[in-house]
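What follows is each chain in one-letter form.
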Number of protein chains: 2
Amino acid sequence: MPTSVQERIRDLLTTAHEDELRSALEELQPFDLAGLLREREEHEDEQIRLLAAVAPDLAAGALEHLDYQDQYRLLDHLDEQGSRAVLTSMSSDALSDLIGAVHPRRARELLRRLPDEQRAEVQRLLEFPENTAGGRMTVDYLEAQQAWTAAQVLTHFRKVGREVEVANYVYVVDSTGRLAGVASMRDVLLADPQTPVSEIMYTQVVSVRADADQEEAARLLEQYDFVALPVVDAADRIVGVITIDDIVDVIEEEATEDIQIAGGIAPLDESYLDSSLTRLFRKRIGWLLLLFLAASFTTSILRHHAELLDQVVALAFFIPLLIGTGGNSGAQASTLVIRAMALGEVALADFVRVAWKEIRMGLTLGGAMAVATFALARAIGVPLNLGLTVAATIVLVVLVGSVLGAAFPLIGRRLGLDPAVFSAPLITTIVDATGLVIYFQVARLMLGLGR
Amino acid sequence: MPTSVQERIRDLLTTAHEDELRSALEELQPFDLAGLLREREEHEDEQIRLLAAVAPDLAAGALEHLDYQDQYRLLDHLDEQGSRAVLTSMSSDALSDLIGAVHPRRARELLRRLPDEQRAEVQRLLEFPENTAGGRMTVDYLEAQQAWTAAQVLTHFRKVGREVEVANYVYVVDSTGRLAGVASMRDVLLADPQTPVSEIMYTQVVSVRADADQEEAARLLEQYDFVALPVVDAADRIVGVITIDDIVDVIEEEATEDIQIAGGIAPLDESYLDSSLTRLFRKRIGWLLLLFLAASFTTSILRHHAELLDQVVALAFFIPLLIGTGGNSGAQASTLVIRAMALGEVALADFVRVAWKEIRMGLTLGGAMAVATFALARAIGVPLNLGLTVAATIVLVVLVGSVLGAAFPLIGRRLGLDPAVFSAPLITTIVDATGLVIYFQVARLMLGLGR
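Notes on the structure follow. Here the residue numbering is sequential within each chain, running from 1 through the sequence in written order. Whichever chain is written first becomes A and whichever ligand is written first becomes 1, with later ones labelled in order. With the structure being a predicted model, the display of local features is reserved for residues of pLDDT at least 70 and the display and counting of side-chain atom pairs for 80 or more, all residues being used for whole-chain, interface and lining totals. In computing side-chain properties, one takes all heavy atoms of the structure into account and sets aside hydrogens as well as water.

## Things to note about the nonpolar core
Taken as a class, soluble globular proteins show a tendency for nonpolar side chains to be buried jointly.
Part 1 of the reasoning: To form a nonpolar core, buried Ala, Val, Leu, Ile, Met, Phe, Trp, Tyr and Cys residues must be joined to one another through side-chain atoms within 4.5 Å. For every residue, the accessible area obtained with a 1.4 Å probe (protein chains only) is divided by the maximum for its type, and the residue is called buried under 20%, exposed over 50%, and partly exposed between those limits. Of all hydrophobic cores here, the largest spans 107 residues; its most connected members are Y272(A), L309(A), F318(A), Y272(B), L309(B), L315(B) and F318(B).
Part 2 of the reasoning: Aside from chain neighbours lying at most four places away, what touches L315(B) is L308(B), L309(B), L386(B), Y439(B), A443(B) and L447(B).
Part 3 of the reasoning: The next biggest cluster of nonpolar side chains, apart from the first, holds 72 residues, and it includes V231(A), V139(B), V208(B) and A228(B). Every residue pair with non-hydrogen atoms within 4.5 Å of one another is taken to be in contact.

## Some remarks on the environment of S275(A)
Part 1 of the reasoning: Helix and strand labels come from DSSP, where a helix needs a run of H or I of at least four residues and a strand needs a run of E of at least two; each type is numbered from the N terminus. Mapped onto the elements of the fold, S275(A) is located in the loop between α16 (244-262) and α17 (277-304).
Part 2 of the reasoning: Judged by its relative accessible area of 2%, S275(A) falls in the buried class.
Part 3 of the reasoning: The contacts of S275(A), once residues within four sequence positions are left out, are L268(A), E270(A), L280(A) and K357(B).
Part 4 of the reasoning: Within 3.5 Å is the distance limit for a polar contact, defined as a pair of N or O atoms, with the added protein rule that one can donate a hydrogen and the other accept it, and that residues adjacent in sequence qualify only through two side-chain atoms. A distance of 2.9 Å separates a polar atom in the side chain of S275(A) from the backbone oxygen of S271(A).

## With respect to the relation of the copies chain A and chain B
For the pair of chain copies, the relating operation is a rotation around an axis with a shift along it.
Part 1 of the reasoning: Overlaid copies result from least-squares superposition on C-alpha atoms, with residues included only where pLDDT is at least 70 in both. Rotating chain A by 180 degrees and moving it 0.1 Å along the rotation axis overlays it on chain B with an RMSD of 0.1 Å. Between the two chains, the operation in question is that of a two-fold axis.
Part 2 of the reasoning: Here 100% of the interface residues in chain A have copies in chain B that are interface residues too; the copies meet face to matching face.

## Thoughts on a nonpolar patch on the surface
Part 1 of the reasoning: A contiguous nonpolar patch, built from F351(A), V352(A), I411(A), L415(A) and L417(A) and spanning about 470 Å² of accessible area, is present on the exposed surface.
Part 2 of the reasoning: On the secondary structure map, F351(A) appears in helix α21 (residues 351-379). Two distance rules govern patches: like charges are joined within 9 Å, and nonpolar side chains (Val, Leu, Ile, Met, Phe, Trp, Tyr) within 5 Å, applied only to residues with over 30% relative accessible area and no salt bridge. Surface accessibility in these figures is a Shrake-Rupley result with a 1.4 Å probe; residues are shielded only by whichever protein chains are displayed. For this document, the term salt bridge refers to a Lys or Arg side-chain nitrogen within 4 Å of an Asp or Glu carboxyl oxygen.

## Things to note about the packing of aromatic side chains
Part 1 of the reasoning: The pairing test for Phe, Tyr and Trp rings, Trp by its six-membered ring, is centres within 6.5 Å, and the orientation test on the planes gives stacked under 30 degrees, edge-to-face over 60, and tilted for anything in between. If you walk through the whole model with that rule in mind, you get 10 aromatic pairs over all chains.
Part 2 of the reasoning: A centroid spacing of 4.7 Å and a plane angle of 65 degrees characterise the contact between F31(A) and Y224(B), whose relative ring orientation is edge-to-face. Taken together, the positions of F31(A) in helix α3 (residues 30-39) and Y224(B) in helix α15 (residues 214-224) put the pair across two chains. Like F31(A), the residue Y224(B) is buried in the burial classification.
Part 3 of the reasoning: Aromatic pair Y224(A) and F226(A): ring centres 5.3 Å apart, planes at 15 degrees, arrangement stacked. We note that Y224(A), like F226(A), is buried.
Part 4 of the reasoning: Within the aromatic cluster, the residues linked to one another by ring pairs are F31(A), Y224(B) and F226(B).
Part 5 of the reasoning: Geometrically, a lysine NZ or arginine CZ counts as sitting over a ring once it is within 6 Å of the ring centre and also within 35 degrees of the ring normal. In this structure, K357(B) packs its charged tip against the face of Y272(A), placed 5.3 Å from the ring centre.

## Here's the deal with empty space enclosed by the protein
Part 1 of the reasoning: The method works on a 1 Å grid over the protein atoms by themselves. A cavity is a set of points holding a 1.4 Å probe that cannot get out, a pocket is an open set with protein on both sides within 12 Å along at least five of seven lines, and residues with an atom within 4 Å of a point line them. Grid points are joined across faces, edges and corners, and a volume is the space filled by probe spheres set on the points. For the structure on display, the rule yields three cavities of 30 Å³ or more.
Part 2 of the reasoning: Approximately 360 Å³ is the volume found for the largest cavity.
Part 3 of the reasoning: G327(A), N328(A), T428(A), N328(B) and T428(B) are the residues nearest the centre of the largest cavity, which is lined by 28 residues in total.
Part 4 of the reasoning: Elements supplying a minimum of two residues to the lining of the largest cavity: α20 (319-342) and α23 (424-447) of chain A together with α19 (319-342) and α22 (424-447) of chain B.
Part 5 of the reasoning: Three categories are distinguished: nonpolar for Ala, Val, Leu, Ile, Met, Phe, Trp, Tyr, Cys and Pro, charged for Asp, Glu, Lys and Arg, and polar for the others, with Gly belonging to the last. Here the residues of the lining of the largest cavity sort into 14 nonpolar, 12 polar and two charged.
Part 6 of the reasoning: Approximately 180 Å³ is the volume found for the second largest cavity.
Part 7 of the reasoning: Among the elements that make up the lining of the second largest cavity, the one with the highest residue count is α20(A) (four residues).
Part 8 of the reasoning: Of the residues in the lining of the second largest cavity, the class split is nine nonpolar, five polar and three charged.

## Let's talk about unusual backbone geometry
Part 1 of the reasoning: Here D236(A), not a glycine, exhibits a phi torsion of approximately 65 degrees, which is positive.
Part 2 of the reasoning: Turning to its location among the elements, D236(A) is positioned in the loop between β5 (228-232) and β6 (238-243).

## What to know about the layout of surface pockets
Residue and element names in this part refer to chain A.
Part 1 of the reasoning: Counted as a void, the second largest pocket has a volume near 450 Å³.
Part 2 of the reasoning: The wall of the second largest pocket is formed by 19 residues, among which E215, R219, E254, D258 and A342 lie closest to the centre.
Part 3 of the reasoning: Among the elements that line the lining of the second largest pocket, the one with the most residues is α16, at six residues.
Part 4 of the reasoning: Residues belonging to the lining of the second largest pocket are distributed by class as follows: 10 nonpolar, no polar and nine charged.

And the structure:
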């Protein structure tokens, strides 16, 4: 954002004015320093000069915005003392993510440089799988004893406040380490200094188990509008805190995953441009083959009705149009239902309501599309009865598409499958085959062709 | 979360133990009280009893989780005094959203019940369009004068701290009201009480203009990992603050919008189950007709090659399979590129890199699919040369699908269109028509059929 500062830094990098560079850099946000580091990708010496010029805190914050390879490379090229200072300033969760992502030999090397206490912390965090609440939490939070007064909490805060990542809440524990309550720093500040913290705190604490899925933590933070959520173990002892900024990333990742599955791709865990061809191939070929298999039924259906196609070749003209429209209406219904399920708006119990909605939608949309189809058929000059055939077919195909599109994700959930599997590509393919069967049945009836 | 409390409340609602009910309710989070209110949808008297039993703060917080119709209805049924108390306790942004959403006559009625100062605040907020940073901000933030010391900031906080929605940051203004800096409450607390706040504050403030799109605010909060972002007017005066919990909602909404466009639906601004049939029809028919129009080319292409189909009716067997596979590979490429563009990972400048990636992907995926197609063709017993024709066609169709799928969103952005428009359904339809042309050209060549 403060582009003028960044301009000045770019200029200063070409000079030897180390002091001016240092003071200009101190005004940057970690994210902006990370941007400068990315810009200088080709000039490692300049990257190191930038990192060495700033306070370890700022350097650590900037590194957290880079990918793990770059984090490791830069830490490796800083001198021993600098790298220790930056490592020590990194937040425990960022550090454990980095150490979990690099080669084990490098991980050991990084751990070696940490002070004993921080090393133990990181090793504890490394035990939680990446996609769980425990894997996303930080251990740099503020803890208070139940017997303390507001004044004691503030005294404690003045001592450790620099290090904590979450300064909004104080987590109050009883003598066994169990989470007894949560107090907001605001309430602690506003209370009379002699008030026991146990009178300020909220005791019906919303928390998440360390082994819960990160999505559960995301849902809770979102619903309750919290900025942080305590993470507890099986004995209800607090082991860490998840902060909203990490959850924003989770929400973006989950949306990306859903969008990719809906596009017929197994979820990519990295950015598109960074993915290797081999990786992309593996993520795409599976779905393509599965859909191919499902679509191969269309071949058999068409072969089965070859005689009919031979008699009225004009029937073939409308095949892509009819199955395409059916597929599109199925994709619409499945997209709506899958997203509503992901947001918790639609559940299995709504099956009848959803089905009834889509029956009416399918008939209305199908009716409108029939008018369009009939007009097209007449415009290109096919006989009246063929025009009526395609119009009647499209009503049925859109109806079937809408209902199957809405029903399959719900049925999938009932069977314990991920509803997203029944997204647009699969529904489209299923509706293709169904649509052809409908088309030929209608044609036989309306064109008066026998078997 | 604390389900035992909710159970107890359900029981107490059947009794006349008002005091016990009151004390059980005080332990609830606003979100949980909102859940209870939703459960009692059919029993308005119980809803009112619940709201009247709790502190106005909690009632206001719970209402913010309900939809606008329910908020208005319940406020309308509370007695005059109760409704005034709850309205006054609502946050300024929730209040302006509610007033902006209800009928103008009702809006005037609600505004009338507010104290003068709050009414003026809400009216100021109502001037900002809903999807802008101004439309999402709150005016309940903490402001300090540049000349104050840390101790003065704390004294001020003790006075107004109850009302502010954002207690993490202090926004420091100069004598003209311009935003001079931001200080974190943590730093204010940790500083020596006599330190001027101007020495604690950070001056390179990241802010967003009130008229900026809400997505810009979302991107900034996400990138910088902030929990709140100041909103300024054209003269750089602070007018409000956007908080992360509102941004989480923006991120979810934007993801829903992208997913719906990718499913061939104009974005719905409400939940699927709540949408009327008329509304759903309008959101779906437009895309269906547009895609129908695009697909009608397939009809002309087929008619144009009717003679060929007449000669070799078996050609028709593979039409849905070939164009389906081409469409699927196009959907994969467009999904990947559109999402990467939405996340800022891919830009126009990457066009050549993306195209080259998809050319190689298309050939590899096409090659794999050709093997599958040839095997299928032989298995169902079509002649060898027809099998080779469909195999060759599928390589080309997958190649064209992948490249067009990736290129169109980028070209769209270049032309100033929303890249999401070129998502799966449109790409699939375009690839359908292209695929047919390729199929017939390849067939003529490989089967030795003349015009």
